[in-house]
Amino acid sequence: FLDETGTEIELKFAKKPLGFKYVSRKGPLKVSGILDEGCVKETGLPVKVGWAIKAVNGNILSAEPQKASEEFLEAIKGV
């Protein structure tokens, strides 16, 4: 993730559901909401609305939103 200041934050998700929604209209994927159920709330991960999703499993996501969304969904299949 990249927070609102551009600082890189690495988090590990142990299971699905991850517990957040994201938008992919233009630019990087961004967290758009935190869900009541899922890994974020259950484990206290500090994910915040507005953070950009930079990479998954060390693989940087595409700058093109549709491709980044596809890459993200493919990468989390194994979680």
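Here the structure is shown first, and the text comes after it.
Residues numbered from 1 in each chain as written. Predicted model: local features only at pLDDT ≥ 70, side-chain atom pairs only at ≥ 80, totals over all residues. Heavy atoms only, no water.

K.L.:
Before we move on, can you summarise the pairing of strand β2 (residues 30-34) with the specific residues and values?
P.N.:
The sheet contact formed by strand β1 (residues 20-23) and β2 spans four bridges and is antiparallel. When the sheet's bridge partners are listed, valine 23 is paired in β2 with lysine 30. In this structure, the hairpin formed by β1 and β2 is closed by a connection of six residues, where glycine 27 is found at a positive phi of approximately 75 degrees. (Pairing = 2+ DSSP bridges. Helix = DSSP H or I, 4+ residues; strand = E, 2+ residues; numbered from the N terminus.)

K.L.:
Give a detailed account of the nonpolar core, specifying residues and quantitative values.
P.N.:
If you look at the biggest cluster of nonpolar residues, it comprises 18 residues, and the most contacted ones within it are Phe1, Phe13, Phe20, Val47, Ile53 and Phe72. At the level of elements, α1 (39-43) and α2 (65-75) are the ones that each hand at least two residues to this core. (Core = buried A, V, L, I, M, F, W, Y, C linked by side-chain atoms within 4.5 Å. Buried < 20%, exposed > 50% of the residue type's maximum accessible area, 1.4 Å probe, protein only.)

K.L.:
Before we move on, could you go through α2 and cite the residues and values that matter?
P.N.:
Here α2 has its buried residues at Pro65, Ala68, Ser69 and Phe72. Buried positions in α2, seen along its axis, are confined to an arc of 100 degrees and lie on one side of it. Along its buried surface, α2 packs onto β1 and β3 (55-56). The N-cap residue of α2 is glutamate 64: its side-chain oxygen and the backbone nitrogen of glutamine 66 are 3.0 Å apart. (Arc of directions from axis to C-beta. Contact = heavy atoms within 4.5 Å. Polar contact = N/O pair within 3.5 Å; in protein donor to acceptor, adjacent residues only side chain to side chain.)

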